[in-house]
Protein chains: 2
Amino acid sequence: MKVLDGKKISNDIKNEIAAEVDKMKSNEEKVPHLAAVIVGNDGASLTYVGSKVRACERVGFESTLVKMPSTTSEVELLQKIKELNENDAIDGFIVQLPLPPQIDTQKILMAIDPDKDVDGFHPTNFGKMALDMSTFIPATPFGILELLERYEVDTKGKHTVVVGRSHIVGRPMSILMGRRGWPGNSTVTLTHSHTKNITQIISQADIIITALGTPNFLKAEMVKDDAVVIDVGITRVADETREKGYRIVGDVDFENVSKKVSYITPVPGGVGPMTIAMLLKNTLLARERHRLKA
Amino acid sequence: MKVLDGKKISNDIKNEIAAEVDKMKSNEEKVPHLAAVIVGNDGASLTYVGSKVRACERVGFESTLVKMPSTTSEVELLQKIKELNENDAIDGFIVQLPLPPQIDTQKILMAIDPDKDVDGFHPTNFGKMALDMSTFIPATPFGILELLERYEVDTKGKHTVVVGRSHIVGRPMSILMGRRGWPGNSTVTLTHSHTKNITQIISQADIIITALGTPNFLKAEMVKDDAVVIDVGITRVADETREKGYRIVGDVDFENVSKKVSYITPVPGGVGPMTIAMLLKNTLLARERHRLKA
């Protein structure tokens, strides 16, 4: 069994990006610039956005944090997005979700220039992904592909079972694993809340990608020998031995499942840390596109 | 066993649309207007476009056929698309594929205003489909959904196996059958040329949608009792008893498979005739959107 070490790989990626930025600087080229918009004071959102800004600093990107009050209207946020779309200094930007209830999230995501949409949530980018065109892939699925690639996990002709059909993980992952190329070319089954006999379906899988948010959902007896297990679940479980009062657990009974499989991602330290690294990679890509257009 | 009669249903749909157009006329409203662009003189393409124009006439739509020579340049075609995008009289239009080799098909499809893209091939529309938003669904998948709906075929929690991952049938069908709602909410497996043990996978399917173009691919012994079989295969087989010298056959051994299953589409007369009916439906939808925007 081999652990797909997202902590290590995400560090490698950040180091590679930092080296590219160093080269840009020594060539006196403009470095990538990511902006992040946050509306309101949600603690978890502030933490996420903070990590993204710090990651930018670490690799040498420029970054701009736009903080807007929780009372911001849809019109005001749309105006801010228009400014960011038109601001030539900014290569890509994200709008941290969730947004306050007075704002229509779909409308906001649709207003972002697809060429600056480094989260890959705009329908144009999602459609390009589904049509095998080059585009921004949402960070979590992109991170999973990167892990499979760096560990040279064979996916061609394998049966991949994806658990959960969310727009940010399950749905895109099911599309990506079935696309031409590698990682891809696998036979993909997408399961969800209406799926019957899920245990039987999972028992046939060569690759299992679970994004349910149900601790201990995936047990050793459900998994085929030598399967590949990717755990995208993130659940906070109360834990008084931790300083924060909780710990993060995935969907997989890691202790027992890890004994049977060929590859597995831990939680934490698996898919999670990859997310921000792939956001940086998308920003690097946005800067390239931006230069090509200029 | 029940035949999903695409010939009958497509006629019903055309009659329903014609009745709506009659109402528009008696209210002195503008009727839907579809334009079709064809480049070159490919016989099959001319036949397809001709049927689309005739279907428009039958339901009372206005239609415009734009014929361009096979020597048309990419720039000339892009200019024509720009005109159609800007022409307020036209609600929707299609560019008949394939295009001559000097023209980049992707570039052309990207140039069509998504709000007039009644074929549903633009990435923005494809992405909206994959993100559960309202949009133009490509005609063949849309036709299959309509057949399932009109015959009240239960899809929730069923295991759907899609054979073939083309952009116009397999990929969108795999997404649509797994979306929330009905027809949908089924567990979907998308198979393709790299799939191993396809026979075993198909044997588990409650619903089989095959779009391979391989006559007699699906045989009775591969299919579960009471399965639903949708045949999207279209292959011309030489047949001297026919006036044209050929007949159209699907992917399914209809004679034997039909004895085991609960529902099945024939070829011809199944999915095929639905395609043009759904193009008309998309044009009707385009006209509604157009009015809402105006």
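Residues numbered from 1 in each chain as written. Chains lettered and ligands numbered in written order. Predicted model: local features only at pLDDT ≥ 70, side-chain atom pairs only at ≥ 80, totals over all residues.

## A word on the overall build of chain A
Argument step 1. Regarding its fold elements, chain A presents ten helices and eleven strands.
Argument step 2. Oriented by its inertia axes, the alpha-carbon framework of chain A measures out at about 55 × 40 × 35 Å.
Argument step 3. Considering only contacts within chain A whose residues lie at least 6 apart along the sequence, 68% involve residues at least 24 apart. (Helix = DSSP H or I, 4+ residues; strand = E, 2+ residues; numbered from the N terminus. Contact = placed C-beta atoms within 7 Å.)

## As for helix 3 (residues 74-86) of chain A
Residue pairs three or four apart in sequence face the same way in an α-helix, which turns once every 3.6 residues.
Argument step 1. Given a rise of 1.5 Å per residue, 13 residues ought to cover 18 Å, and the 18 Å separating the end C-alpha atoms of helix 3 of chain A matches this to within 8%.
Argument step 2. In this structure, the buried residues of helix 3 of chain A make contact with strand 2 (33-39), strand 3 (62-68), strand 4 (92-95) and helix 4 (105-111) of chain A. (Expected span 1.5 Å × (residues − 1).)

## Observations regarding the sheet that holds strand 2 (residues 33-39) of chain B
Residues and elements named next belong to chain B.
Argument step 1. In space, the three strands of this open sheet follow the order 3-2-4, with parallel pairing throughout. The two strands at the open ends of the sheet, each matched to only one other strand, are strand 3 (62-68) and strand 4 (92-95). Direction aside, neighbouring strands of the sheet carry axes that sit 15 degrees apart on average.
Argument step 2. Packing of helix 2 (residues 43-59) onto the sheet brings it into contact with strand 2 and strand 3, and relative to strand 2 it is tilted by some 170 degrees. (Pairing = 2+ DSSP bridges. Axes fitted to C-alpha atoms, helices over the stretch in contact; angles between N-to-C directions.)

## With respect to the interface of chain A and chain B
Argument step 1. Contacts between the two partners involve 25 residues from chain A and, on the opposite side, 25 residues from chain B.
Argument step 2. Mapped onto the side of chain A that touches chain B, the elements with two or more residues apiece are helix 5 (123-130), helix 7 (170-178) and strand 6 (187-191) of chain A.
Argument step 3. Counting residues per element, the side of chain A that touches chain B draws most heavily on helix 5 of chain A, which supplies seven residues.

## Considering the relation of the copies chain A and chain B
Argument step 1. Turning chain A through 180 degrees and shifting it by 0.0 Å along the axis lays it on chain B, with an RMSD of 0.0 Å. Those values place the two copies in the arrangement expected of a two-fold rotation axis.
Argument step 2. Taken together, the interface assignments show that 100% of the residues at the interface of chain A recur at the interface of chain B, consistent with an identical surface on both copies. (Least-squares fit on C-alpha atoms with pLDDT ≥ 70 in both.)

## Some words on the nonpolar core
Argument step 1. Grouped together as the largest cluster of nonpolar side chains are 160 residues, with contacts concentrated most on A:Ile208, A:Ile209, A:Val229, B:Ile208, B:Ile209 and B:Val229.
Argument step 2. Sequence-distant contacts of B:Ile208, defined by excluding residues within four places in its chain, comprise B:Val161, B:Ile202, B:Leu218, B:Val223, B:Ala227, B:Val229 and B:Ile230. (Core = buried A, V, L, I, M, F, W, Y, C linked by C-beta atoms within 7 Å. Buried ≥ 20, exposed ≤ 12 C-beta atoms within 10 Å, placed from the backbone.)

## Digging into the domain arrangement of chain A
Argument step 1. Each assigned domain of chain A is listed with its residue range as follows: domain 1 (28-114) and domain 2 (139-273).
Argument step 2. Inter-centroid distance (C-alpha atoms) of domain 1 of chain A to domain 2 of chain A is 29 Å. (Domains from an automatic or database assignment.)

## A closer look at the confidence of the model for chain A
Argument step 1. Summing up the model confidence of chain A, the mean pLDDT is 97 and the portion of residues at 70 or higher is 100%.
Argument step 2. In the model output, the complex is listed with pTM 0.96 alongside ipTM 0.95. (pLDDT = per-residue confidence, 0-100.)

## Considerations on unusual backbone geometry
Residues and elements named next belong to chain A.
Argument step 1. Cis rather than trans, the peptide bond between Trp182 and Pro183 has omega equal to -5 degrees.
Argument step 2. With respect to the helices and strands, Pro183 occurs in the loop between helix 7 and strand 6.
Argument step 3. Omega for the peptide link from Val267 to Pro268 comes to -5 degrees, which places this bond in the cis form.
Argument step 4. Along the chain, the position of Pro268 falls in the loop between strand 11 (263-264) and helix 10 (271-293).
Argument step 5. Unusually for a residue other than glycine, Asp132 sits at a positive phi of about 65 degrees.
Argument step 6. Tracing the backbone through its elements, the reader meets Asp132 in the loop between helix 5 and helix 6 (139-150).

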